[in-house]
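Listed here are the chains, written in short residue letters.
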Amino acid sequence: RDGREHHLFRVSLAAGERMLKVPRLDGLPDPFDATRTSAERLLCEAWAVQNTRGLPVPGSYEVHPTEPICATMEVLPGIAAEQALERGQLDEEMLNRVCLSMGKALAGTHSVKRPGDGGFLPELDGTDPSTARLLHLDFHLGNVLIRPRAGMGWEITGVLDWTCARWGPAEADFVEMQVSVFVMNPRARDAFVAGYRQASGRAVNLAEVERRSAIEIRRRLADDPPESARLRGYWEAYAQRYPATVA
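Heads up: these notes are all about the structure in this document.

Scoring rules and cut-offs
- Residues numbered from 1 in each chain as written.
- Predicted model: local features only at pLDDT ≥ 70, side-chain atom pairs only at ≥ 80, totals over all residues.
- Heavy atoms only, no water.
- Helix = DSSP H or I, 4+ residues; strand = E, 2+ residues; numbered from the N terminus.
- Buried < 20%, exposed > 50% of the residue type's maximum accessible area, 1.4 Å probe, protein only.
- Polar contact = N/O pair within 3.5 Å; in protein donor to acceptor, adjacent residues only side chain to side chain.
- Contact = heavy atoms within 4.5 Å.
- Core = buried A, V, L, I, M, F, W, Y, C linked by side-chain atoms within 4.5 Å.
- Axes fitted to C-alpha atoms, helices over the stretch in contact; angles between N-to-C directions.
- Parallel < 35°, antiparallel > 145°, perpendicular 65-115°, else oblique.
- Left-handed = near helix turned anticlockwise from the far one by under 90°.
- Phe/Tyr/Trp six-rings, centres within 6.5 Å; stacked < 30°, edge-to-face > 60°.

**Some words on the side chain of Thr72**
Position of Thr72 among the secondary structure elements: in strand β4 (residues 70–74). Classification of Thr72 as buried rests on a relative accessible area of 7%. Polar contacts involving the side chain of Thr72 include one to the side chain of His64, which spans 2.7 Å. Dropping the residues within four chain positions of it, Thr72 is found in contact with Leu13, Arg18, Met19, Leu20, Ser60, Tyr61, Glu62 and His64.

Okay, here's the thing in structure tokens:
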């Protein structure tokens, strides 16, 4: 399948089946730094999946200095939670349970503190290195794999696409779910935050999440409005609740 930044292929190698990830020539740039190269983004992903904690990520991740550069990684089971939702396999209760589990998983990522040298990852602008945490920064239903468990709903089997990973404040990692899911499903946010708090023992500054989300929604409405009229309507209503000068 294809993403907006990479082509993805399932291939058979001597070591077994792998996912092959190749940058698209027409792929979207890094949303936080358009100057970052494909090689930097794949090396960033490699570092992140090797250093995150508390959630399943693709193992056997290797970056290959080919032309174009590419990466191979373990094939994980499950389907994207976004696909399950679109297929009607997640009702509101099941979506909330998945979001509860996602909140717990994100807390595992945020348990990783920035080392003195920063590793291979850059920082978000304005980050205090002394309090910075590992951020995924593209954490949404499309990048989370799930599969059904007998009598227990769904379990997370993988978290994908770490090419945007950075150091920064935890609240920045709530933005993707806020703009894609929570604006339409506020109870899902309640479950997500509850899971995060249970796993991390940390409070979430929801005012800061909403501030960052309003900025991102305004940017997307201007640069990349959604095809869904329903989502666009929610975004426009959300943006109107915040002054245009918020920063």
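Structure's up, so let's keep going.
**Description of the nonpolar core**
Judged by nonpolar contacts, the single largest core of 49 residues is most densely connected at Cys99, Met102, Ile146, Trp162, Phe174, Met177 and Phe192. Going through the elements one at a time, α1 (38–51), β4, α2 (81–86), α3 (92–110), β7 (144–149), β8 (153–159), α4 (175–182) and α5 (186–200) are the ones with two or more residues in this core. Looking at which element gives the most residues to this core, the answer is α3, with eight residues. Among the nonpolar cores identified, the runner-up in size contains 11 residues, and Val179, Val183, Ala214 and Tyr238 belong to it.

**Examining the packing of helix α6 (residues 206–223) against helix α7 (residues 229–240)**
At a minimum axis distance of 9 Å, the contact between α6 and α7 shows a crossing angle of 125 degrees. Relative to α7, α6 is oriented oblique. By crossing handedness, the relation of α6 to α7 is classed as left-handed. In contact with Glu210, Ser213, Ala214, Ile217, Arg218, Arg220 and Leu221 of α6, α7 contributes Arg232, Trp235, Glu236, Tyr238, Ala239 and Gln240.

**Some points on the environment of Ala105**
Residue placement: Ala105 occurs in helix α3. Along the backbone, Ala105 and Tyr196 are 91 residues apart, and their C-alpha atoms lie at a distance of 7.6 Å.

**A look at the packing of aromatic side chains**
As enumerated under the stated definition, the model contains six aromatic pairs in all. Ring plane angle 70 degrees and centroid distance 5.1 Å describe the contact between Phe174 and Tyr196, whose orientation is recorded as edge-to-face. Residue Phe174 is located in the loop between β9 (166–168) and α4, and its partner Tyr196 is located in helix α5; the two are separated by 22 residues in the primary sequence. The same class applies to Phe174 as to Tyr196, namely buried. Counting every residue linked through ring pairs, the aromatic cluster contains Phe139, Phe174, Phe182, Phe192 and Tyr196.

Scope: geometric values only; no functional claims are made or implied.
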